[in-house]
Structures are given as C-alpha cells and as structure tokens.
There are 2 protein chains.
Amino acid sequence: MEQEFIRWLQEHVLQSHCAQNQRDSVLLGIGDDGAVLRGGSGKRVHVADAIVDQVHFDLSENDLVQIGHKALAINLSDIAAMGAIAETALVTMVLPRSMSLEDAKQLFVGIAKLASRYDVAIVGGDTVRHDGPLMINVAATGWLDPEFKSSDGWRMNGACAGDVLVVTGPLGGSLSGHHIRFTPRLELAQAIQERVQIHAATDISDSLSIDLGHLLRQSNFGAVLECDRIPVSESAVQRAKVSGISSIDHALQDGEDFELLLSLSKEDLATLKDDVSFEFDLFPIGLVVEEHAGRIVDHQSGETIDQKGYQH
Amino acid sequence: MEQEFIRWLQEHVLQSHCAQNQRDSVLLGIGDDGAVLRGGSGKRVHVADAIVDQVHFDLSENDLVQIGHKALAINLSDIAAMGAIAETALVTMVLPRSMSLEDAKQLFVGIAKLASRYDVAIVGGDTVRHDGPLMINVAATGWLDPEFKSSDGWRMNGACAGDVLVVTGPLGGSLSGHHIRFTPRLELAQAIQERVQIHAATDISDSLSIDLGHLLRQSNFGAVLECDRIPVSESAVQRAKVSGISSIDHALQDGEDFELLLSLSKEDLATLKDDVSFEFDLFPIGLVVEEHAGRIVDHQSGETIDQKGYQH
C-alpha cells in the first residue's frame, strides 16, 4: 500500500497542487531516500509538530480534509511565529490499518491544498500502517529573507520593557471549530517583516496566558494586561454562557487559537497602524514591564493572572 | 509533563551530548517555535521517517535506549544513502500515557548518543501523550559539501549500464537484532564522496530485492546478480535452518538491513579497492545491464528474482 500511496502522491497531488519541482530551491523531491534542497542565502527555520486522534482532533467527527489541513497549519503557524516564509514540508502519516486508501488520500488533499496556497513544497516523508490511532507529523522549513527587518527571525527572548503586546485576532473557544480550520498567519508575518522589527513573538497554541508566560520568562520581563482590550471570539462568548467562566477567561485560557502574540515598540505599532497598505488587524492587549518577571498582571485589579491552558 | 520533559532535554541532554549551540550552523535550537539555521553553501538533504511500536519494534521486548537509537539511525541511513553529512534532527515523540518520564528520557538518551557520535544537532520537535502506542518521528537534514565528488547527492535514478552493484555489509536476518542496533553508513558515505562518484544509491530498508528494484526502475535499467557473491549475515544462516528458505533468499528478501546499495563504474570501484586509506568493505554483487528493465536476473540460472520484502 505504501508504494501505491506514494505513486498517487507523486502523480496526482504533488504535480497539480504543489509544483514541487518548479521551486528553484527544491532540486529533488519525493521518491528518493531524501529530498535535496539548495543551500541558498538567508537563514532557515526548522519546525516539527504532530497531531494525534483523540488528542488534537476526533477522527469520528472531523472532516478528513480538515484534519490534513490542521497537520500542516500548526507547523506553518510556527513558521509564521518565527517571522519566516514557509518553504518545505516532510509529511509522516501513521494510519490505522482500517483506514481506506481513499480516506488517506483525503487527508493528503487537506495538506496539499494548504501547501499550494502558501507555495510550500512537500518534499518527502513516510507512511506507516498500524493497529492504533491516526497520527500525522509534519516537519517544515521556512526562509528568512536577508532583507527582512528581523532577518534573524522572531524569537521569544527579545521582548523589551515598554513594548506593546499585540495579538492578531480574536481568542478563545477555538475547540468549537477554529482549531481545525484556522489560517496560519504567514501573510501577516511577511507583511510585518517588510515594515518593522518585532522584538519577540510566539503563536498561541497552549493559551494566551501560557504562551505569554513562556515569552516573558524567556525575555526576563513581566506584563501588564488590559483585559478588556483582549479580543474575544464569538465562540468564547457562546462557551461562557454554559461553562461558568467568563469569555475573557476563555480568551486567556483556551488553547489552539493559533493567532500570533507579538512584542514590539509603540512607534513600530503606530507605523503599522498608519500604513494603509498594511491590511491586517492588530489588537494591543498590554505592555511589557520591568517588574513582575515571568508574571502577567491585570492592569485594573493589579492581581496576577493564572497561566492556565491546554497542555497536550 | 511536556514542559518538564523539554526542560530536561534542554538542560541535561542537549548541552552535554549534542552541543547544539556550538554548531556554527544552528543559530537557535530547542525552546522557541522553531530552530533557526544558517542558509550556507552547498545543498541540503531533508528526510523523515517514523518508527511505531509493534511495527518497527516491540516496546515489551526491546531496550528503550535502542528504540531511540533506531528512530534516529533509520533517518541517518537515508542521509548516508544520499551521500550527505548528517547535520540536524527534529524529534517528535508520541508517548503512551502510561510511560514514565524516566522511560521517555531513556528513549531520548538513545537518540542523543547517536546524534552526538555524528555531530547531529537536535534542534527541536514535539512531544505528545496519548492512549495508544509509542511512535517516534525524526526529520533530519544533511549537508552536501560542494567539494564532494557527487555534490548533487546520490539519487536512485542515475545508474548506468555496465555499473557494478555493491552492498556495504552482510544481509538478511536483521530482525534477529541488527535492525535495532545497526550503525548508519555515514562514515562510509563520506569516505566515498571524498574519492569517487556514485551513479545511484539507496539504503536497504525493505529488502535488497525490493530496493534494488526501485533503483532499477528509476534508472530504467535491469540487473544481473551473482547470487553466490551476496554477503550473507550469520543471522540469515541461522534463520535459514528453521525457516525453510535459503540464507541467500533471506539476504534478498529480509528487510531492515540498512546497508547501502551503490551503483558505480568498475574503474571507480577499483580505485576504492586500491586505496589503502579507504577502510570499508564493499561487496560487488552484480552488474547493471541495458536489458531486463526494472528486473533482477540471476546470472547462473537466467531466471528473474522475485522482488519481495518487508513492507511496513
């Protein structure tokens, strides 16, 4: 089955959607022991993340194309959080023995559609059958253009006291559907890289409070949040009606939003806001401060906000 | 648990064994959304392969350090089969919920020891807990030195009529233990890259007959094998005593030998044989021929050899 599947990948999906061999940097794609890529200029970002049935999705409920989409999207979200342009992906599919070849192809269609949208070359990977749950691992690379404002990439450890913390979209309630359909923020990341420096960044995968906590500890600073400025998703509002916790707490504690969290100077944020060609929403939610190292403090109450979220 | 494990990885293993931050090409390692690597000169090889409990190993029988070793070794074998120098690895561990943190660390120790031996920087990855079998995926990169004799890498499709086919060690019976302990042929690959051109190469993972078949179909040629020259492992001899098939058939059909299969000119093979500083065994087993496209023919009997093996 592996051979038939690989042939199908080569013949039907890669050529039509991904145009892997048309990419200058990909000298040899799927079908050999490995792919060969040009070294080239600029730096490269390497990421890997897996999704597993019953942990990150539910095979009995979720659409196969969307499951495939998510497997690649979470990795492209990491590429975006590094401020890079997505370039290649290696896809490992561990499939339940009972899954039909047709269903396996649908998973790959979800991956290939998203890859095509961002010109990501799928350069190889592995497929395995086993008596266990569906698992998809993607290892992706991205490119840091030497012309970028932060050509070393956006790290977690560079936040400065006085920076504004911004998020790139409404948060919370992602498990209602956003987590499997979201669009990774690659276009936004590139648009920012062409305009201003970002001091620190991460994507919100565990939760706003947890991921902000990581960023603060790596940067050795604290944060003061204006919680009423945190953009709350409609799903978080709906969830709050039945969960017994507030929609703001959903925004702070729910996982898998896959929006970006950015730390940048007030001046650079103003530059972006004033730039009519910059067409993305940015929501300022607070400031990086010298005190409270590693902690997040509520601006209104002065209390420390718990760092809670979704730990896989 | 993920955070504690990541901290352990960062503090205890990576610094001592892998020296990831001392590598010139690794600008940012584990701990952020992604790793950042210098672009650099030469071409890069990208590979990914997974191992899964009950398919590629048996958690109830095999040693944890050896399981970790195998997860990286199969990827380094692909890097060697491309004629490249191993450089980085991203490690994804999908762990059964019941596995202790101590056991998970043992898996990683197996990976880190092998990584250290070949100066492979472990630059990131993912860990997930689930209610299912242990799975480890590795995505690795290798480097093709522009000074190498085949600086584009060793592909499957370049065999020439008249080439000698050689293997790099005894074959068959790998499942008796070799499959989980083997040494990837990186040193041999580099020693050859410094001396002569290889026209086509692959590693023997499914079986000699299957992997030679792939190489022949990609190159549009056939092969004539002198079966009595195929090096047969002691395990294959032992297995033949009880299996009812010959030791030669074990060498042709057993999977997971992870020796290299190389196609090169007679002159270049003679150059290697005459070079006293080249200290590796090479076993000529037959010739690439214009006829029999995609088929393997027994030199003595003139019959076609079945392409059978271990399909995961």
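Because the structure is predicted, anything quoted here is derived from the model rather than measured.

### A closer look at the overall build of chain A
1) Next: The helix and strand inventory of chain A stands at nine helices and 12 strands.
2) Next: Each principal axis of the C-alpha atoms in chain A carries an extent, and together these give about 60 × 50 × 35 Å.
3) Next: Taken across its 312 residues, chain A has 56% of its residues classed as buried.

### Re helix H2 (residues 64-81) of chain B
Residue and element names in this part refer to chain B.
1) Next: Over its 18 residues, H2 runs 26 Å from end to end, which matches the ideal 26 Å to within 8%, given 1.5 Å per residue.
2) Next: Within H2, 16 of the 18 residues are buried, which leaves the element mostly enclosed by the surrounding structure.
3) Next: Directly after H2, the chain includes glycine 83, whose backbone phi takes a positive value near 75 degrees.

### Looking at the confidence of the model for chain A
All names here are of chain A.
1) Next: Residues of chain A with pLDDT of at least 70 account for 94%, and the chain-wide mean is 92.
2) Next: Within the model, the stretch residues 16-21 combines pLDDT values under 50 with 17 contacts to residues more than four positions away or in other chains.
3) Next: Across the predicted assembly, pTM comes out at 0.93 and ipTM at 0.91.

### Notes on the sheet that holds strand E3 (residues 43-52) of chain A
1) Next: Pairing is mixed in the open sheet, where six strands are placed in the order E5(A)-E4(A)-E6(A)-E3(A)-E2(B)-E1(B). Edge positions in the sheet fall to strand E5 (121-130) of chain A together with strand E1 (26-28) of chain B, since each has one partner strand and no second. On average, each strand axis in the sheet is inclined to that of its neighbour by 20 degrees, with strand direction left out of account.
2) Next: Pairing geometry for E3(A) and strand E2 (residues 35-38) of chain B, over four bridges, is antiparallel. Residue His46(A) lies in a different strand from E2(B), and its bridge partner there is Ala35(B).
3) Next: Its contacts with the sheet place helix H2 (residues 64-81) of chain A against E3, strand E4 (85-96) and strand E6 (135-144) of chain A, and it is angled at close to 145 degrees to E3(A).

### Some words on the interface of chain A and chain B
1) Next: Contacts between chain A and chain B engage 54 residues on the former and 54 residues on the latter.
2) Next: Of all the secondary-structure elements, those providing two or more residues to the side of chain A that touches chain B are strand E1 (26-28), strand E2 (35-38), E3, H2, E4, E5, E6 and strand E8 (200-203) of chain A.
3) Next: Counting residues per element, the side of chain A that touches chain B draws most heavily on E3(A), which supplies nine residues.
4) Next: Broken down by class, the residue content of the side of chain A that touches chain B amounts to 22 nonpolar, 18 polar and 14 charged.

### Concerning the nonpolar core
1) Next: With 191 residues, the main nonpolar core has Ile79(A), Leu261(A), Ile79(B) and Leu261(B) as its most contacted residues.
2) Next: Aside from chain neighbours lying at most four places away, what touches Ile79(B) is Gly34(A), Val45(B), Val47(B), Ala84(B), Ala86(B), Ala140(B), Gly142(B) and Leu186(B).

### Quick word on the relation of the copies chain A and chain B
1) Next: With an axial shift of 0.0 Å and an RMSD of 0.0 Å, the rotation relating chain A to chain B amounts to 180 degrees. Within this description, the copies of the chain are treated as partners about a two-fold rotation axis. Across chain A, the smallest distance between a C-alpha and the rotation axis is recorded for Gly39(A), namely 2.7 Å.
2) Next: Mapped onto chain B, 100% of the interface residues of chain A again fall at the interface, so both copies present the same surface.

Thresholds applied
Residues numbered from 1 in each chain as written. Chains lettered and ligands numbered in written order. Predicted model: local features only at pLDDT ≥ 70, side-chain atom pairs only at ≥ 80, totals over all residues. Helix = DSSP H or I, 4+ residues; strand = E, 2+ residues; numbered from the N terminus. Buried ≥ 20, exposed ≤ 12 C-beta atoms within 10 Å, placed from the backbone. Expected span 1.5 Å × (residues − 1). pLDDT = per-residue confidence, 0-100. Contact = placed C-beta atoms within 7 Å. Pairing = 2+ DSSP bridges. Axes fitted to C-alpha atoms, helices over the stretch in contact; angles between N-to-C directions. Nonpolar A, V, L, I, M, F, W, Y, C, P; charged D, E, K, R; others polar. Core = buried A, V, L, I, M, F, W, Y, C linked by C-beta atoms within 7 Å. Least-squares fit on C-alpha atoms with pLDDT ≥ 70 in both.

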